[in-house]
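The chain contents come next:
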Amino acid sequence: MIDGIIIELLEFDSKLWENNPKLDFVVLTNLSSKEEIGSRRASYKGLDFVIEPRGKVKIKGSIHKYFNDGLHNANRFTFENFLEAVSQLSEFGVIPEKAVLRGFEIGLNIDLTSCKIPSKTFLDSILYCRGVRRSDMDINGESGYGYKFKTTNTKYKFYDKSAQSQIYDVELLRIETKFTRMRAVESLKIRTLKDLMNRDKLISLISSKYLKFIDETIFFEWDQIKTTRKIEASYKSKFKDLRNPDWWIKGIKSRVERQRNKEKLERLIDKHAKRDIKKILKDLILSEIEEFSRSKKCYEYTEFEELQKWQKSNSNADKSVTNTPRIVRCGLTDRREVKKEKRYCLTCGKEITHQRKGSKYCSDNRKCRDKAYNALKSENKKAVQLKQEKEILHLIHGIGSDLNLIRTTNPNTKRIKGKPKRRTSIIVTVNGKERYFHGTDARFFLREFEKKIEQREIIPKNKLKRA
């Protein structure tokens, strides 16, 4: 199941790679200076070996494809195969406990031959996944063969593996979870390549991050319930919403409401549809996981409770009971088990631990946020003004006698009620170059310039002109 990996090797001497005849490094070079630009990169059997300019050393790519000598990653990749592939990486100096994970993915290639349902049927039946809109995946330059759902820390993918790998003698559906940020799995204490080789941690990972997301995904096969004719009157109007993908994202605000409607839809599918495509998919996934583990001891682990629930729900002959796993998360951010620290409003000091993570001010008192915002704006404005005043003083000090100054508005003009006050603007010609100052900057320039004249520190060549 482990496939794509990004690992950074700690305490590693890059000369080991440079002297390896299997690795042919390529790097961009500046033609004029002959200097290297960017990272040095070598590709070997589906993996990229990267030496960054600052000395970081990384391996990126598919370890499944590496095990298959770089040909493909469309077959079954067991836990034993994964351990063997990691062992093979030792020839490149990879020590699992010193190989820090920067991202990785787990996925299954599910053979659909036995169920005789094409992968497109499974793909088109996805109504909702993780609270985000689906995006099309381009497979060999064409769309319509897969979808991805991108959240803050993770990407979830469903796509036609046969089309991607151009294997047409078997129908393969790929379901994949890609961790783009490692904080998504930090509660499982997975940090290095060595942790993925730990069977206990891997089982917990599959249960909590792979099986759970499939349970929370909502499937509906349109062809199975084409009309609402046979549906109870009390469900007919609601059914229009339940089968609408946009409604699941926009129409429901709370997790409890989403769970309740999920149960309604699954009861309708169970009662009126000839087949439940989600249960068929779960059966296929169970079969594939058994082959992946190659050991029934996996099911004795308490961390693998989700798989045991799946077995019970699929073997339940009583259709009146709906075994619907609870949707535990529908937002963009993966929940993690972390100790909550008390947080306080930065303005008034009120406790805001109950508010969402990242909050800095009271949500029930807009004044705190506005006060902090205005103070920040004021500080920024003062900093800009101070910088401008320093520039003006430096200009006045260095102008000497070669100065032309035109004032377009008299700042001493009395303000007439009901009429906007005219803005002070000046044009300063210094050494043949014109400079424009307006408003506060113009008035500051005039005050300082006239002060210097009174002190006879400056004797202008031309008198002050008024436009």
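Fair warning: this is a prediction, and the values are worked out from it, not measured in the lab.

Remarks on the overall build of the protein
Point 1. Within the protein, the regular secondary structure consists of 14 helices and 16 strands.
Point 2. Burial analysis of the protein (467 residues in total) assigns 40% to the buried set.
Point 3. Considering only contacts within the protein whose residues lie at least 6 apart along the sequence, 60% involve residues at least 24 apart.
Point 4. Only carbon and sulfur atoms are counted for the fraction: they give 47% of the accessible area of the protein, which is about 27,700 Å².

Structural notes on the pattern of salt bridges
Side-chain pairing between opposite charges can occur once the charged atoms of the two side chains come close.
Point 1. Tallied over the entire structure, the rule returns 23 salt bridges.
Point 2. Across the pair Glu-288 and Arg-76 runs a salt bridge whose closest N-O atoms are separated by 2.7 Å. With Glu-288 in helix α11 (residues 277-293) and Arg-76 in the loop between α2 (63-67) and α3 (79-88), this residue pair connects regions lying 212 residues apart in the sequence.
Point 3. Residue classification places Glu-288 among the buried positions, given a relative accessible area of 8%.
Point 4. A single network of salt bridges, built from pairs that share partners, joins Asp-3, Glu-105, Lys-157, Arg-174 and Glu-176.

Some thoughts on the sheet that holds strand β9 (residues 146-150)
Point 1. The 10 strands lie next to each other as β2-β3-β4-β5-β1-β6-β11-β10-β9-β8, forming an open sheet whose pairing is antiparallel. Looking at which strands have only one partner, the edges of the open sheet turn out to be β2 (26-29) and β8 (135-136).
Point 2. Pairing of β9 with strand β10 (residues 154-160) involves five bridges; the strand directions are antiparallel. Looking at the pairing, Lys-150 lines up with Lys-155 of β10.

A word on the confidence of the model for the protein
Point 1. Averaged over the protein, the pLDDT score is 79; the fraction of residues at 70 or greater is 77%.
Point 2. Throughout residues 295-306 the model reports pLDDT below 50, and contacts reaching past four residues in sequence, or to other chains, amount to 25 contacts.
Point 3. The model gives residues 314-339 a pLDDT under 50, and that stretch makes 59 contacts with residues more than four places away or in other chains.

A look at the pairing of strand β1 (residues 2-9)
Point 1. Counted residue by residue, β1 has seven buried out of eight residues, so it is predominantly covered.
Point 2. Across five bridges, β1 lies against strand β5 (residues 57-62) in antiparallel orientation. When the sheet's bridge partners are listed, Ile-5 is paired in β5 with Gly-61.

A short note on the side chain of Asp-215
Point 1. Mapped onto the secondary structure, Asp-215 falls in helix α7 (residues 199-216).
Point 2. Note on Asp-215: relative accessible area 2%, which makes it buried.
Point 3. A polar contact is formed between the side chain of Asp-215 and the side chain of Lys-282, at a distance of 3.3 Å.

Details of the packing of helix α8 (residues 233-242) against helix α10 (residues 255-272)
Point 1. Packing of α8 against α10 leaves a shortest axis separation of 11 Å and a crossing angle of 105°. In terms of orientation, α8 lies roughly perpendicular with respect to α10. Residues Tyr-235, Lys-238, Phe-239 and Leu-242 of α8 lie in contact with α10, whose contacting residues are Asn-261, Lys-264, Leu-265, Arg-267 and Leu-268.
Point 2. Partitioning the contact of α8 with α10 into residue classes produces five nonpolar, one polar and three charged.

Here we look at unusual backbone geometry
Negative phi is the rule for most residues except glycine; trans is the rule for most peptide bonds.
Point 1. Backbone geometry at Lys-45 places phi at a positive 55°, although glycine is not the residue there.
Point 2. Within the secondary structure, Lys-45 is located in the loop between β3 (36-44) and β4 (47-51).
Point 3. The partly exposed category is assigned to Lys-45, whose relative accessible area is 30%.
Point 4. In this structure, Lys-189 is a non-glycine residue whose phi angle is positive, near 60°.
Point 5. As for its position among the elements, Lys-189 is in the loop between β11 (172-179) and α6 (193-196).
Point 6. Given the relative accessible area of 63%, Lys-189 is considered exposed.

Describing the nonpolar core
Point 1. Judged by nonpolar contacts, the single largest core of 67 residues is most densely connected at Trp-17, Phe-104, Ile-175, Leu-205, Tyr-210 and Ile-285.
Point 2. The greatest single-element share of this core, amounting to seven residues, is contributed by α7.
Point 3. Each residue touching Tyr-210, except ones within four places of it in the same chain, is listed here: Met-1, Ile-106, Gly-107, Leu-108, Ile-175, Glu-176, Thr-177, Leu-205 and Ile-285.
Point 4. Ranked by size, the runner-up nonpolar core spans 15 residues in total, among them Ile-225, Ile-231, Trp-248 and Ile-269.

Focus on the packing of aromatic side chains
Point 1. In this structure the tally under the stated criterion is 15 aromatic pairs.
Point 2. Ring geometry for Phe-104 versus Phe-179: centroids 4.9 Å apart, planes at 45°, classification tilted. Here the residue Phe-104 occupies a position in strand β6 (residues 99-111), and Phe-179 occupies one in strand β11, the gap between them amounting to 75 residues.
Point 3. The class of Phe-104 is buried, set by a relative accessible area of 2%.
Point 4. Consider the rings of Phe-149 and Phe-158, whose centres lie 6.1 Å apart with planes at 90°: the pair is edge-to-face.
Point 5. An aromatic cluster is built from Phe-149, Tyr-156, Phe-158, Tyr-210, Phe-213 and Phe-219, whose rings are joined through pairwise contacts.

Some thoughts on α3
Point 1. Residues of α3 that are buried: Phe-79, Asn-81, Phe-82, Ala-85 and Val-86. End-on view of α3: buried residues confined to an arc of 155°, all on one side of the axis.

Quick notes on the environment of Gln-224
Point 1. Inspection of the secondary structure assignment puts Gln-224 in the loop between β12 (218-219) and α8.
Point 2. Put simply, Gln-224 and Ile-269 are 45 residues apart on the chain and 8.2 Å apart in space, counted from C-alpha to C-alpha.
Point 3. The residues touching Gln-224, leaving out its near neighbours within four places in the chain, are His-272, Ala-273, Lys-274 and Arg-275.
Point 4. Only 3.2 Å separates the side chain of Gln-224 from the backbone nitrogen of Lys-274, close enough to count as a polar contact.

So, how was this worked out
- Residues numbered from 1 in each chain as written.
- Predicted model: local features only at pLDDT ≥ 70, side-chain atom pairs only at ≥ 80, totals over all residues.
- Heavy atoms only, no water.
- Helix = DSSP H or I, 4+ residues; strand = E, 2+ residues; numbered from the N terminus.
- Buried < 20%, exposed > 50% of the residue type's maximum accessible area, 1.4 Å probe, protein only.
- Contact = heavy atoms within 4.5 Å.
- Areas by Shrake-Rupley, 256 points an atom, 1.4 Å probe, with all protein chains shown as cover.
- Salt bridge = Lys/Arg side-chain N within 4 Å of Asp/Glu carboxyl O.
- Pairing = 2+ DSSP bridges.
- pLDDT = per-residue confidence, 0-100.
- Polar contact = N/O pair within 3.5 Å; in protein donor to acceptor, adjacent residues only side chain to side chain.
- Axes fitted to C-alpha atoms, helices over the stretch in contact; angles between N-to-C directions.
- Parallel < 35°, antiparallel > 145°, perpendicular 65-115°, else oblique.
- Nonpolar A, V, L, I, M, F, W, Y, C, P; charged D, E, K, R; others polar.
- Core = buried A, V, L, I, M, F, W, Y, C linked by side-chain atoms within 4.5 Å.
- Phe/Tyr/Trp six-rings, centres within 6.5 Å; stacked < 30°, edge-to-face > 60°.
- Arc of directions from axis to C-beta.

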